[in-house]
Amino acid sequence: MPDRARTLFPCFDQPDLKARFTLSLELPAEWKAIANGATARTDTLNTASGPTAGTETSGSGPARTAARAGSQMAAGAETTGARKRISFHETEPIPTYLFSFVGGRFERVTENRNGRSISLYHRETDLQKTAQCPEILGQVFHALDWLETYTGVPYPFAKYDLIVIPGFQYGGMEHMGATLYADRSMFLENNATTENRMARGSLIAHETAHMWFGDYVTMQWFDDVWTKEVFANFFAAMIVREQFPQIDHRLNFIRSNVPGAYGEDRTAGSTAIRQQLPNLSDAGLLYSQIIYSKSPVVMEMLFTKLGPEKFRDGIREYLADHRYGNATWDDLIAVLDCRCDEDLAAWSQVWVDEKGMPTIDMTRHENRLRIMQSDPFGRRLAWNQPLQLLAFGDGNATDTLQCLLDGPETELVLPAGTRCVLPNADGRSYGYFRLDSVTSEYLMKRLTGLPDDVARLSALITLNENLLGGTIAPQRFLRAMIAYLPQERNQQLFTQALTYIRGCFGLYYDETASPELEGALWEIAQNDPDRQRRIMATQAWCGIARSPQAINTLYELWDDERLANRMLLGENDLTNLSYTLALRFPDRAAAIIARQGARITNPDRQKQYAYIAPAVSPSASVRDSVFRSLLDPANRSIEPWACTALSLLNHPVHGARSAAYIRPGLEELQEIQRTGDIFFPRKWTAALLGSQHSEAAATAVDAFIADHPGYPPLLGSKILQQADLLFRLWNRNAQNRPTSDHTSE
Ligand SMILES: [Zn+2]
């Protein structure tokens, strides 16, 4: 948390004031405790009372709230009353946001390699899951080795431990010496795919990269928080390359970043990568897909400009210049600028300091192609970048063309006989490539036949953006996907197509009821020779099943565990199915919930289920009371659970009825920011609006925006981002939505 250390002890909570911390904790004798520093000594105490965490915790309200939220999970079973004191070694100089300790009942698994000892602490009881500890630790060791070699800086802190926490609000958090991870991101189900394993590897690599980027060299102020996140994601992509040789990492880079970046950059709530931050209390609101997903795309452009050696040398100089200190983005650009012919500061101005992306249109006169870029926010910015195109001739002939977009218009001569052009064939350009109907129709038909995986992925992303941009009708898009999906043999593309199918189905819920789609996914789920494809198709099918026949099959699957096993469904899948089934079969809801509750054996997951399940109650008054309870900060301290409950309350099965939650849910957003963690405003808004489809819902969001003219802009951008699809569905124009300047030239 950028600014919450001060709720625990008196301090100046800002990243450029680093300090060495010495900590001792008094706690129940049965507990374990982990902190940034290694344990120096443990003393048995005779007294049977006292504060949990030394003198600092006896402070204000927020401190007690934080302590309660933390201890809720950690405490677990009763203690004997005996107590002990653990004293930790002094830390290296660190900012307050990285200070951390964890106490509770934990199991410990330790591995030693090359003279380094790393421990993993967890509360998992499922042997299939705990068996994954050596693989997890192996990924940590690998990431550390890679970063030491790349940066030339040995791991800069005294020790490295990790703690896996049930219901943790982030995937991970880079407290040095005591890195925290969510149980759901670390321990995978039996039916985990290579993709799932790689996502875990990427997360571990991300948090480990932070030890150098963020922890060792820290941003001066939180307006540059993105610099640590971009490094973490950019290097994580390099680190997992060797661990997963079977994956196409070029595809992976595009998939992990571009769709997420477009997801926010296409909205009226888009922000610049680097934003002004007058007050640190808003620091949490800076975190977004723009930071996590767009900035790696932009960093890759920088990497390409410099080449790998100059880039690495620049990074090494940057680390050496600011070790255990602070740096700004401009410090980095200065180091790289003298290694590059181009004016990086000017380049950075458009890509880093301005929001949004270009809309790129193509028009054709005989063999001349005009490519025009326009600024959706009307500022007449030009995003200079190279563009690769694929020109389709007769039969299967294609030509690759390259040009530079360096102004509002670029012209290109096409080879004779060109029938159609795919923009951004190498996936390295960034923008909304708006297609005319002839091109989109051609691409939808030719998708399967495109031989290059990257071109196919890029076409898929562009088609989906055009679906959301309104140039392709949802039914047409789904039909094209149903024809394409079974032919797609590349696992990563297959997964991306499934994501888009589910997205299209979820968004255009009322128009896309499709026995053909159910049938196509079912066919793959049942008969595909590849196990991972069967798993993914089954999960997708469970997500889109809507015909009475499919819902009945869904019930049989959930009901008969042997059948579920055969269909490769794991505990998480069955838990999610139980929510869907309770919503679909109101008369059987109580029995379904009771049965699923009894299947879950891990005590932390039992608590999670008991917390979430009332949100699928057939009784509107029970659901209303669940919603009201979420308006009390004390009831939403485990944020991922609160978000799941909130999104289930808004399930499409309730139609426009759940639109009534929007107003009070949005009214709560400022309180969510004050009392919740950094991702909570975004996730709360996503859970509140993500499943809404009704016109009443769009009207409610519109009215909220209209009634709050002076609303804090950073928080308002979260609403505009999450309302984007709902607004597109109902052609709403929120007050400061962008209007295309396409015709205003
Ligand atoms: Zn991070």
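Please refer to the structure higher up on the page.
First, a word on scope: everything that follows refers to the structure included in this document. Worth saying up front: this structure is predicted, and the values here are computed from it rather than measured.

Rules used in this analysis
- Residues numbered from 1 in each chain as written.
- Predicted model: local features only at pLDDT ≥ 70, side-chain atom pairs only at ≥ 80, totals over all residues.
- Heavy atoms only, no water.
- Helix = DSSP H or I, 4+ residues; strand = E, 2+ residues; numbered from the N terminus.
- Rg over C-alpha atoms; globule rule 2.2 N^0.38 Å.
- Buried < 20%, exposed > 50% of the residue type's maximum accessible area, 1.4 Å probe, protein only.
- Contact = heavy atoms within 4.5 Å.
- Areas by Shrake-Rupley, 256 points an atom, 1.4 Å probe, with all protein chains shown as cover.
- Polar contact = N/O pair within 3.5 Å; in protein donor to acceptor, adjacent residues only side chain to side chain.
- Core = buried A, V, L, I, M, F, W, Y, C linked by side-chain atoms within 4.5 Å.
- Pairing = 2+ DSSP bridges.
- Salt bridge = Lys/Arg side-chain N within 4 Å of Asp/Glu carboxyl O.

## Quick look at the overall build of the protein
Looking only at helices and strands, the protein has 29 helices and 19 strands in total. Computed over its C-alpha atoms, the radius of gyration of the protein comes to 26 Å, within 12% of the 27 Å expected for a compact globule of 745 residues. Projecting the C-alpha coordinates of the protein onto the three principal axes gives extents of approximately 90 × 70 × 55 Å. Taking all 745 residues of the protein together, the buried fraction comes to 59%. A fraction of 74% describes how many contacts in the protein between residues 6 or more apart in sequence connect residues 24 or more apart. As displayed, the protein offers around 29400 Å² of accessible surface, 50% of which is attributable to carbon and sulfur atoms.

## Quick word on the side chain of Asn-191
Among the secondary structure elements, Asn-191 is positioned in the loop between helix H4 (183-186) and helix H5 (194-210). At 2.7 Å, the side chain of Asn-191 forms a polar contact with the backbone oxygen of Leu-568.

## With respect to the nonpolar core
Counting residues in hydrophobic clusters, the biggest one holds 246 residues, and the most contacted among them are Trp-212, Phe-235, Ile-371 and Leu-389. The contacts of Trp-212, once residues within four sequence positions are left out, are Leu-144, Leu-147, Glu-148, Thr-151, Val-153, Pro-154, Tyr-155, Pro-156, Val-217 and Leu-319.

## Comments concerning unusual backbone geometry
The phi dihedral of Asn-114 falls on the positive side, at around 45°, and the residue is not glycine. In this structure, Leu-568 is a non-glycine residue whose phi angle is positive, near 65°. Relative to the helices and strands, Leu-568 resides in the loop between helix H19 (561-566) and helix H20 (571-584). The class of Leu-568 is buried, set by a relative accessible area of 14%.

## A look at the pairing of strand E17 (residues 409-413)
Covered by surrounding structure in E17 are Thr-410 and Leu-412 only, the residues Glu-409, Glu-411 and Val-413 on the alternate face being uncovered. The sheet contact formed by strand E14 (residues 368-374) and E17 spans 5 bridges and is antiparallel. When the sheet's bridge partners are listed, Leu-369 is paired in E17 with Leu-412.

## Notes on the pattern of salt bridges
Side chains that differ in sign of charge can pair as their charged atoms come close. Taken as a whole and judged by the stated rule, the model has 51 salt bridges. Across the pair Asp-559 and Arg-595 runs a salt bridge, and its minimum N-O distance is 2.7 Å. Residue Asp-559 is located in helix H18 (residues 548-559), and its partner Arg-595 is located in helix H21 (residues 589-599); the two are separated by 36 residues in the primary sequence. By relative accessible area, Asp-559 is classed as partly exposed at 33%. With a closest N to O distance of 2.7 Å, Asp-724 and Arg-728 form a salt bridge. Taken together, the residues span about one helical turn, with Asp-724 and Arg-728 both in helix H29 (residues 713-729) at a distance of 4 residues.

## Details of the pairing of strand E7 (residues 116-122)
Burial within E7 is extensive, with 5 of its 7 residues counted as buried. In terms of strand pairing, strand E6 (residues 107-113) meets E7 through 7 bridges, oriented antiparallel. Directly across from Val-109, in E7, lies its bridge partner Leu-120.

In short, shape yes, function no, at least from these values alone.
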